[in-house]
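# Structural characterization, general
Chain residues, written in single-letter form:
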Amino acid sequence: MWISRLSLRDYRSYPELDLEFSPGVTTFVADNGTGKTNIVEAIGYLAHQRSHRVAFDAPLVHEGRPAATVSALVNRDQRHATVEVTIQAKGANRARVNRNAVKLKDILGLVSCVVFAPEDLSLVRGEPAERRSWIDTLVVARNPRFASIITDFERALKQRNALLKRLREDRDPGLEATLDIWNMAYADSAAELVFGRQRILADIVEPLQTNFAYIAADARLERQGAHIAYDSRIDYSQAASAADCKELLLAALDRRRTTEIERGLTLHGPGRDDLSLMIGTHPAKGYASHGETWSLALAMQLAGWDLLSADAGSAAEQPILVLDDVFAELDTGRRQRLASRVTSAEQVFITAAVDSDLPDGLEGIRIDQSRLLQSGAS
(Lines give C-alpha, C1' and ligand atoms only; values in the text may rest on other atoms or scores of the structure.)
Protein backbone atom coordinates (compact mmCIF):
# COMPACT_ATOMS: atom_id res chain seq x y z
CA MET A 1 0.00 0.00 0.00
CA TRP A 2 1.04 3.59 -0.34
CA ILE A 3 -0.08 7.08 0.63
CA SER A 4 -0.48 9.57 -2.22
CA ARG A 5 -1.55 12.58 -0.13
CA LEU A 6 -1.06 13.59 3.49
CA SER A 7 -2.80 16.57 5.09
CA LEU A 8 -2.11 17.89 8.59
CA ARG A 9 -4.12 20.58 10.36
CA ASP A 10 -2.89 21.95 13.70
CA TYR A 11 -0.69 18.90 14.15
CA ARG A 12 2.41 19.55 16.26
CA SER A 13 4.36 22.34 14.55
CA TYR A 14 2.12 22.47 11.47
CA PRO A 15 -0.91 24.77 11.40
CA GLU A 16 -1.40 23.43 7.89
CA LEU A 17 0.52 21.03 5.68
CA ASP A 18 -0.34 19.25 2.42
CA LEU A 19 2.10 16.87 0.75
CA GLU A 20 1.79 14.53 -2.21
CA PHE A 21 3.79 11.31 -2.47
CA SER A 22 4.57 8.54 -4.94
CA PRO A 23 5.44 4.89 -4.35
CA GLY A 24 9.08 4.22 -3.52
CA VAL A 25 11.41 6.11 -1.21
CA THR A 26 10.69 9.62 0.08
CA THR A 27 13.44 11.21 2.15
CA PHE A 28 13.06 14.25 4.41
CA VAL A 29 16.43 15.91 5.01
CA ALA A 30 16.30 18.83 7.46
CA ASP A 31 17.76 20.09 10.71
CA ASN A 32 16.46 18.71 13.96
CA GLY A 33 13.47 20.76 15.14
CA THR A 34 12.30 21.52 11.62
CA GLY A 35 9.29 19.21 11.77
CA LYS A 36 10.28 16.23 9.63
CA THR A 37 9.63 13.69 12.37
CA ASN A 38 6.19 15.21 12.94
CA ILE A 39 5.24 14.15 9.42
CA VAL A 40 6.23 10.49 9.74
CA GLU A 41 4.81 10.39 13.27
CA ALA A 42 1.43 11.41 11.82
CA ILE A 43 1.58 8.54 9.31
CA GLY A 44 2.30 6.10 12.12
CA TYR A 45 -0.55 7.58 14.16
CA LEU A 46 -3.05 6.76 11.41
CA ALA A 47 -1.92 3.14 11.55
CA HIS A 48 -1.66 2.62 15.30
CA GLN A 49 -3.76 5.44 16.83
CA ARG A 50 -0.81 6.41 18.99
CA SER A 51 2.52 8.18 18.63
CA HIS A 52 5.85 6.36 18.69
CA ARG A 53 7.31 9.34 20.60
CA VAL A 54 4.86 10.22 23.39
CA ALA A 55 2.41 8.27 25.52
CA PHE A 56 -0.43 10.82 25.37
CA ASP A 57 -2.16 12.66 22.54
CA ALA A 58 -2.18 16.20 23.95
CA PRO A 59 1.35 17.09 22.68
CA LEU A 60 0.24 16.23 19.13
CA VAL A 61 -2.17 19.18 19.02
CA HIS A 62 -0.71 22.55 17.95
CA GLU A 63 -0.38 24.82 20.96
CA GLY A 64 -3.55 26.77 21.68
CA ARG A 65 -5.72 24.74 19.31
CA PRO A 66 -8.56 22.41 20.40
CA ALA A 67 -7.77 19.57 17.99
CA ALA A 68 -5.46 18.30 15.27
CA THR A 69 -6.43 16.47 12.09
CA VAL A 70 -4.41 13.90 10.15
CA SER A 71 -5.78 12.77 6.79
CA ALA A 72 -4.28 10.48 4.14
CA LEU A 73 -5.32 9.11 0.77
CA VAL A 74 -4.39 5.42 0.94
CA ASN A 75 -4.00 3.31 -2.18
CA ARG A 76 -4.21 -0.46 -2.61
CA ASP A 77 -3.99 -1.30 -6.33
CA GLN A 78 -7.19 0.21 -7.73
CA ARG A 79 -8.78 0.76 -4.32
CA HIS A 80 -8.51 4.16 -2.67
CA ALA A 81 -9.73 5.51 0.67
CA THR A 82 -9.28 8.75 2.55
CA VAL A 83 -8.63 7.96 6.20
CA GLU A 84 -8.87 10.78 8.73
CA VAL A 85 -8.40 11.10 12.48
CA THR A 86 -9.22 14.15 14.58
CA ILE A 87 -7.09 14.22 17.72
CA GLN A 88 -8.65 16.19 20.55
CA ALA A 89 -6.53 18.10 23.05
CA LYS A 90 -9.26 17.10 25.52
CA GLY A 91 -11.98 14.55 24.96
CA ALA A 92 -12.53 11.62 22.61
CA ASN A 93 -10.89 11.43 19.21
CA ARG A 94 -12.93 10.95 16.04
CA ALA A 95 -12.41 9.14 12.74
CA ARG A 96 -13.75 9.38 9.21
CA VAL A 97 -13.36 7.25 6.08
CA ASN A 98 -14.18 8.94 2.78
CA ARG A 99 -15.75 11.76 4.84
CA ASN A 100 -18.12 9.40 6.64
CA ALA A 101 -17.89 9.20 10.43
CA VAL A 102 -16.82 5.79 11.74
CA LYS A 103 -15.66 4.34 15.04
CA LEU A 104 -11.96 4.66 15.73
CA LYS A 105 -11.55 0.90 15.84
CA ASP A 106 -12.98 0.65 12.32
CA ILE A 107 -9.98 2.37 10.76
CA LEU A 108 -7.48 -0.07 12.23
CA GLY A 109 -5.91 -1.97 9.35
CA LEU A 110 -6.81 0.63 6.72
CA VAL A 111 -3.30 2.06 7.09
CA SER A 112 -0.57 -0.49 7.77
CA CYS A 113 2.78 0.90 8.83
CA VAL A 114 5.94 -0.21 10.63
CA VAL A 115 7.99 2.54 12.26
CA PHE A 116 11.74 2.39 12.97
CA ALA A 117 12.94 5.12 15.34
CA PRO A 118 15.65 5.87 17.93
CA GLU A 119 13.03 5.05 20.58
CA ASP A 120 13.30 1.41 19.45
CA LEU A 121 16.39 0.99 21.62
CA SER A 122 13.95 0.69 24.52
CA LEU A 123 12.73 -2.60 23.01
CA VAL A 124 16.02 -4.10 24.19
CA ARG A 125 17.17 -1.83 27.01
CA GLY A 126 13.82 -0.66 28.37
CA GLU A 127 11.22 -2.01 30.73
CA PRO A 128 8.90 -4.96 29.95
CA ALA A 129 6.07 -2.54 29.09
CA GLU A 130 8.04 -1.46 25.99
CA ARG A 131 8.28 -5.00 24.70
CA ARG A 132 4.65 -5.74 25.56
CA SER A 133 3.61 -2.66 23.58
CA TRP A 134 5.68 -3.81 20.58
CA ILE A 135 4.16 -7.27 20.41
CA ASP A 136 0.63 -5.99 21.11
CA THR A 137 1.00 -3.53 18.21
CA LEU A 138 1.81 -6.49 15.96
CA VAL A 139 -1.07 -8.52 17.35
CA VAL A 140 -3.52 -5.71 16.53
CA ALA A 141 -1.94 -5.02 13.13
CA ARG A 142 -2.35 -8.67 12.24
CA ASN A 143 -5.89 -8.92 13.58
CA PRO A 144 -7.61 -5.60 14.44
CA ARG A 145 -10.24 -7.34 16.61
CA PHE A 146 -7.54 -7.59 19.29
CA ALA A 147 -7.86 -3.84 19.88
CA SER A 148 -11.19 -4.56 21.57
CA ILE A 149 -9.72 -7.53 23.43
CA ILE A 150 -6.93 -5.34 24.82
CA THR A 151 -9.48 -2.71 25.86
CA ASP A 152 -11.53 -5.39 27.63
CA PHE A 153 -8.40 -6.73 29.33
CA GLU A 154 -7.31 -3.30 30.57
CA ARG A 155 -10.82 -2.56 31.90
CA ALA A 156 -11.04 -5.91 33.69
CA LEU A 157 -7.55 -5.51 35.14
CA LYS A 158 -8.39 -2.06 36.48
CA GLN A 159 -11.61 -3.29 38.08
CA ARG A 160 -9.93 -6.39 39.51
CA ASN A 161 -7.10 -4.35 41.04
CA ALA A 162 -9.62 -1.95 42.59
CA LEU A 163 -11.46 -4.90 44.12
CA LEU A 164 -8.23 -6.44 45.46
CA LYS A 165 -7.37 -3.15 47.16
CA ARG A 166 -10.79 -3.09 48.82
CA LEU A 167 -10.38 -6.70 49.96
CA ARG A 168 -7.02 -5.83 51.45
CA GLU A 169 -8.89 -3.52 53.82
CA ASP A 170 -12.04 -5.60 54.25
CA ARG A 171 -12.21 -9.39 53.73
CA ASP A 172 -16.00 -9.30 53.52
CA PRO A 173 -17.22 -12.73 52.20
CA GLY A 174 -19.75 -11.14 49.86
CA LEU A 175 -17.13 -8.82 48.46
CA GLU A 176 -14.67 -11.67 48.05
CA ALA A 177 -17.29 -13.66 46.09
CA THR A 178 -17.28 -10.82 43.58
CA LEU A 179 -13.61 -11.56 42.93
CA ASP A 180 -14.57 -14.87 41.29
CA ILE A 181 -16.72 -12.96 38.79
CA TRP A 182 -13.90 -10.58 37.93
CA ASN A 183 -11.43 -13.46 37.70
CA MET A 184 -13.52 -14.92 34.87
CA ALA A 185 -13.91 -11.60 33.08
CA TYR A 186 -10.20 -10.89 33.45
CA ALA A 187 -9.13 -14.37 32.36
CA ASP A 188 -11.36 -14.32 29.26
CA SER A 189 -9.62 -11.32 27.66
CA ALA A 190 -6.20 -11.96 29.21
CA ALA A 191 -6.06 -15.50 27.80
CA GLU A 192 -7.04 -14.29 24.32
CA LEU A 193 -4.24 -11.71 24.44
CA VAL A 194 -1.64 -14.18 25.71
CA PHE A 195 -2.52 -16.68 22.97
CA GLY A 196 -2.41 -13.91 20.35
CA ARG A 197 1.07 -12.99 21.52
CA GLN A 198 2.16 -16.63 21.49
CA ARG A 199 1.06 -17.05 17.88
CA ILE A 200 2.97 -13.94 16.83
CA LEU A 201 6.12 -15.17 18.55
CA ALA A 202 5.84 -18.60 16.96
CA ASP A 203 5.83 -16.97 13.52
CA ILE A 204 8.41 -14.28 14.21
CA VAL A 205 11.28 -16.33 15.63
CA GLU A 206 12.72 -17.29 12.25
CA PRO A 207 12.49 -13.86 10.53
CA LEU A 208 13.99 -12.25 13.64
CA GLN A 209 16.97 -14.59 13.53
CA THR A 210 17.39 -14.07 9.78
CA ASN A 211 17.22 -10.28 9.97
CA PHE A 212 19.59 -10.06 12.93
CA ALA A 213 22.17 -12.28 11.25
CA TYR A 214 21.94 -10.11 8.11
CA ILE A 215 22.24 -6.74 9.87
CA ALA A 216 25.01 -7.99 12.19
CA ALA A 217 26.85 -9.82 9.42
CA ASP A 218 30.19 -8.23 10.39
CA ALA A 219 29.93 -9.36 14.02
CA ARG A 220 31.74 -12.37 15.48
CA LEU A 221 30.01 -15.59 14.48
CA GLU A 222 28.90 -16.37 18.02
CA ARG A 223 27.27 -12.90 18.24
CA GLN A 224 25.22 -13.24 15.03
CA GLY A 225 22.47 -15.32 16.61
CA ALA A 226 19.38 -13.82 18.26
CA HIS A 227 16.35 -15.40 19.87
CA ILE A 228 13.04 -14.24 21.32
CA ALA A 229 10.71 -16.10 23.68
CA TYR A 230 7.71 -15.42 25.91
CA ASP A 231 8.63 -14.81 29.54
CA SER A 232 5.86 -15.39 32.06
CA ARG A 233 5.38 -16.67 35.60
CA ILE A 234 2.91 -19.11 34.04
CA ASP A 235 4.19 -21.89 31.79
CA TYR A 236 2.11 -21.58 28.63
CA SER A 237 4.42 -23.77 26.55
CA GLN A 238 1.87 -26.59 26.22
CA ALA A 239 -1.15 -24.32 25.63
CA ALA A 240 -2.72 -25.05 22.25
CA SER A 241 -5.59 -22.56 22.49
CA ALA A 242 -6.85 -19.48 24.31
CA ALA A 243 -8.99 -21.85 26.40
CA ASP A 244 -5.83 -23.64 27.57
CA CYS A 245 -4.26 -20.29 28.48
CA LYS A 246 -7.39 -19.34 30.41
CA GLU A 247 -7.33 -22.56 32.42
CA LEU A 248 -3.66 -22.03 33.33
CA LEU A 249 -4.26 -18.39 34.25
CA LEU A 250 -7.28 -19.17 36.45
CA ALA A 251 -5.26 -21.84 38.26
CA ALA A 252 -2.48 -19.31 38.91
CA LEU A 253 -4.97 -16.74 40.20
CA ASP A 254 -6.42 -19.33 42.55
CA ARG A 255 -2.98 -20.27 43.88
CA ARG A 256 -1.98 -16.67 44.53
CA ARG A 257 -5.39 -15.47 45.73
CA THR A 258 -4.33 -14.73 49.31
CA THR A 259 -1.09 -13.05 48.24
CA GLU A 260 -2.88 -10.87 45.69
CA ILE A 261 -5.41 -9.73 48.28
CA GLU A 262 -2.63 -8.97 50.76
CA ARG A 263 -0.82 -6.87 48.14
CA GLY A 264 -3.95 -5.44 46.54
CA LEU A 265 -2.54 -6.16 43.09
CA THR A 266 -2.90 -8.61 40.20
CA LEU A 267 0.29 -10.66 39.99
CA HIS A 268 -0.40 -12.86 36.95
CA GLY A 269 -1.43 -12.15 33.37
CA PRO A 270 -0.30 -10.38 30.20
CA GLY A 271 0.27 -7.13 32.07
CA ARG A 272 3.08 -8.81 34.05
CA ASP A 273 4.68 -10.79 31.22
CA ASP A 274 7.80 -9.94 29.23
CA LEU A 275 9.77 -11.04 26.17
CA SER A 276 13.14 -12.73 26.64
CA LEU A 277 15.73 -11.46 24.13
CA MET A 278 19.02 -13.26 23.66
CA ILE A 279 22.12 -12.55 21.58
CA GLY A 280 24.27 -15.64 21.38
CA THR A 281 24.08 -17.28 24.80
CA HIS A 282 23.57 -14.08 26.82
CA PRO A 283 20.54 -11.90 27.58
CA ALA A 284 20.53 -8.88 25.29
CA LYS A 285 19.62 -6.51 28.10
CA GLY A 286 22.75 -5.70 30.04
CA TYR A 287 25.11 -7.62 27.76
CA ALA A 288 24.58 -6.22 24.25
CA SER A 289 26.82 -3.47 22.91
CA HIS A 290 25.28 -0.32 21.45
CA GLY A 291 25.63 -1.70 17.93
CA GLU A 292 24.16 -5.06 18.91
CA THR A 293 21.27 -3.35 20.66
CA TRP A 294 20.50 -1.37 17.52
CA SER A 295 20.83 -4.47 15.35
CA LEU A 296 18.40 -6.43 17.53
CA ALA A 297 15.86 -3.61 17.71
CA LEU A 298 15.99 -3.22 13.93
CA ALA A 299 15.71 -6.99 13.46
CA MET A 300 12.58 -7.02 15.65
CA GLN A 301 10.93 -4.30 13.58
CA LEU A 302 12.00 -5.88 10.28
CA ALA A 303 10.69 -9.26 11.44
CA GLY A 304 7.35 -7.61 12.23
CA TRP A 305 7.29 -6.03 8.78
CA ASP A 306 8.16 -9.37 7.15
CA LEU A 307 5.37 -11.06 9.07
CA LEU A 308 2.74 -8.49 8.11
CA SER A 309 3.98 -8.48 4.51
CA ALA A 310 3.68 -12.27 4.33
CA ASP A 311 0.15 -12.04 5.70
CA ALA A 312 -0.68 -9.39 3.11
CA GLY A 313 0.37 -11.61 0.23
CA SER A 314 0.96 -8.75 -2.21
CA ALA A 315 2.64 -5.34 -2.44
CA ALA A 316 -0.81 -3.77 -2.54
CA GLU A 317 -1.28 -4.74 1.12
CA GLN A 318 2.35 -4.52 2.22
CA PRO A 319 2.91 -2.17 5.20
CA ILE A 320 4.45 1.24 4.66
CA LEU A 321 7.90 1.60 6.20
CA VAL A 322 9.02 4.62 8.23
CA LEU A 323 12.67 5.09 9.23
CA ASP A 324 12.87 8.08 11.53
CA ASP A 325 16.46 9.26 12.00
CA VAL A 326 17.71 5.68 12.16
CA PHE A 327 20.67 5.65 9.76
CA ALA A 328 22.61 8.22 11.85
CA GLU A 329 22.91 5.60 14.61
CA LEU A 330 24.46 2.92 12.39
CA ASP A 331 27.92 2.29 11.00
CA THR A 332 28.44 2.20 7.23
CA GLY A 333 27.97 -1.56 6.86
CA ARG A 334 24.76 -1.67 8.84
CA ARG A 335 23.42 1.37 6.94
CA GLN A 336 23.93 -0.32 3.61
CA ARG A 337 22.45 -3.61 4.71
CA LEU A 338 19.39 -1.95 6.25
CA ALA A 339 18.87 0.16 3.12
CA SER A 340 19.01 -2.89 0.88
CA ARG A 341 16.34 -4.57 3.02
CA VAL A 342 13.85 -1.73 3.26
CA THR A 343 13.98 0.00 -0.10
CA SER A 344 12.22 -2.92 -1.74
CA ALA A 345 9.00 -1.95 0.06
CA GLU A 346 6.26 -0.30 -1.98
CA GLN A 347 6.59 2.92 0.04
CA VAL A 348 9.30 4.05 2.43
CA PHE A 349 9.61 7.33 4.37
CA ILE A 350 13.06 8.25 5.73
CA THR A 351 14.13 11.21 7.84
CA ALA A 352 17.69 12.46 8.33
CA ALA A 353 19.32 15.62 9.66
CA VAL A 354 22.10 15.73 7.04
CA ASP A 355 22.97 13.91 3.83
CA SER A 356 25.95 12.21 5.45
CA ASP A 357 23.54 10.27 7.69
CA LEU A 358 22.10 8.49 4.65
CA PRO A 359 23.55 5.37 2.99
CA ASP A 360 25.32 5.86 -0.32
CA GLY A 361 23.25 5.43 -3.43
CA LEU A 362 19.87 5.94 -1.76
CA GLU A 363 17.46 6.99 -4.50
CA GLY A 364 13.96 8.42 -4.46
CA ILE A 365 12.17 11.72 -3.87
CA ARG A 366 13.78 14.27 -1.55
CA ILE A 367 11.92 16.88 0.51
CA ASP A 368 14.33 19.37 2.04
CA GLN A 369 14.31 21.91 4.83
CA SER A 370 13.18 24.89 2.79
CA ARG A 371 9.98 23.17 1.75
CA LEU A 372 9.16 22.12 5.30
CA LEU A 373 9.74 25.64 6.59
CA GLN A 374 7.52 27.09 3.85
CA SER A 375 4.80 24.72 5.05
CA GLY A 376 4.71 26.37 8.44
CA ALA A 377 6.93 24.26 10.68
CA SER A 378 8.43 26.04 13.63
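Values in this document were obtained by computation on a predicted structure and should not be read as measured data.

### Focus on the pairing of strand E12 (residues 320-324)
With five of five residues buried, E12 is to be regarded as a mostly interior element. Where burial is concerned, the two faces of E12 agree: the one with Ile320, Val322 and Asp324 and the one with Leu321 and Leu323 are both buried. When strand E8 (residues 113-116) meets E12, the two strands line up parallel, connected through four bridges. When the sheet's bridge partners are listed, Val114 is paired in E12 with Leu321. In terms of strand pairing, E12 meets strand E13 (residues 347-352) through four bridges, oriented parallel. Directly across from Val322, in E13, lies its bridge partner Phe349.

### Some details on the packing of helix H5 (residues 173-215) against helix H9 (residues 332-342)
Packing of H5 against H9 brings their axes to within 9 Å, and their N-to-C directions diverge by 140 degrees. It follows that H5 is oblique to H9 by the angle criterion. Of H9, the residues touching H5 (which contributes Asn211, Tyr214 and Ile215) are Arg334, Arg337, Ser340 and Arg341. Taken together, the residues of the contact of H5 with H9 sort by class into two nonpolar, two polar and three charged.

### Some words on the sheet that holds strand E7 (residues 100-102)
Read across the sheet, six strands follow the order E2-E1-E4-E5-E6-E7 without closing on themselves; strand pairing throughout is antiparallel. Either end of the sheet is taken by a strand with one partner, and the two such strands are strand E2 (14-20) and E7. Strand-to-strand twist in this sheet, taken as the mean axis angle between neighbours without regard to direction, amounts to 20 degrees. Note: strand E1 (residues 2-11) against E2, six bridges, orientation antiparallel. Across the sheet, residue Arg9 finds its bridge partner in E2, namely Glu16. On top of the sheet, helix H1 (residues 36-48) reaches E1, E2, strand E4 (67-76) and strand E5 (79-88); it is set at about 110 degrees to E1, its chief contact.

### Describing helix H8 (residues 290-312)
A rise of 1.5 Å per residue sets the reference length of H8, with its 23 residues, at 33 Å; its end C-alpha atoms lie 33 Å apart and thus fit the reference within 8%. Burial analysis of H8 places 17 of its 23 residues in the buried class, which makes it a mostly covered element. After H8 finishes, the residue Gly313 shows a positive phi value of roughly 85 degrees.

What counts, and at which threshold
Counting from 1, residues in each chain are numbered in the order their sequence is written. Only residues with pLDDT of 70 or above have their local features reported here, since the model is predicted, and side-chain atom pairs are shown and tallied only from 80 upward, although totals for entire chains, interfaces and linings are computed over all residues. Side-chain measures here rest on the full set of heavy atoms in the structure, leaving out hydrogens and waters. Relative accessible area decides the class of each residue, using a 1.4 Å probe on protein chains only: under 20% of the type maximum gives buried, over 50% gives exposed, and in between gives partly exposed. Working definition: helices are DSSP H or I runs of at least four residues, strands are E runs of at least two. Numbering for both runs from the N terminus. Should DSSP find at least two bridges between two strands, the strands are taken to pair. Working convention: axes come from line fits to C-alpha atoms, limited for helices to the stretch in contact. Angles between N-to-C directions cover 0 to 180 degrees. Roughly parallel means an angle under 35 degrees; roughly antiparallel means over 145; roughly perpendicular covers 65 to 115; every other angle is labelled oblique. The contact rule is simple, with two residues in contact once any of their heavy atoms fall within 4.5 Å. Classes in brief: Ala, Val, Leu, Ile, Met, Phe, Trp, Tyr, Cys and Pro nonpolar; Asp, Glu, Lys and Arg charged; the others, Gly included, polar. Here a helix's expected span is defined as the number of its residues, less one, multiplied by 1.5 Å.

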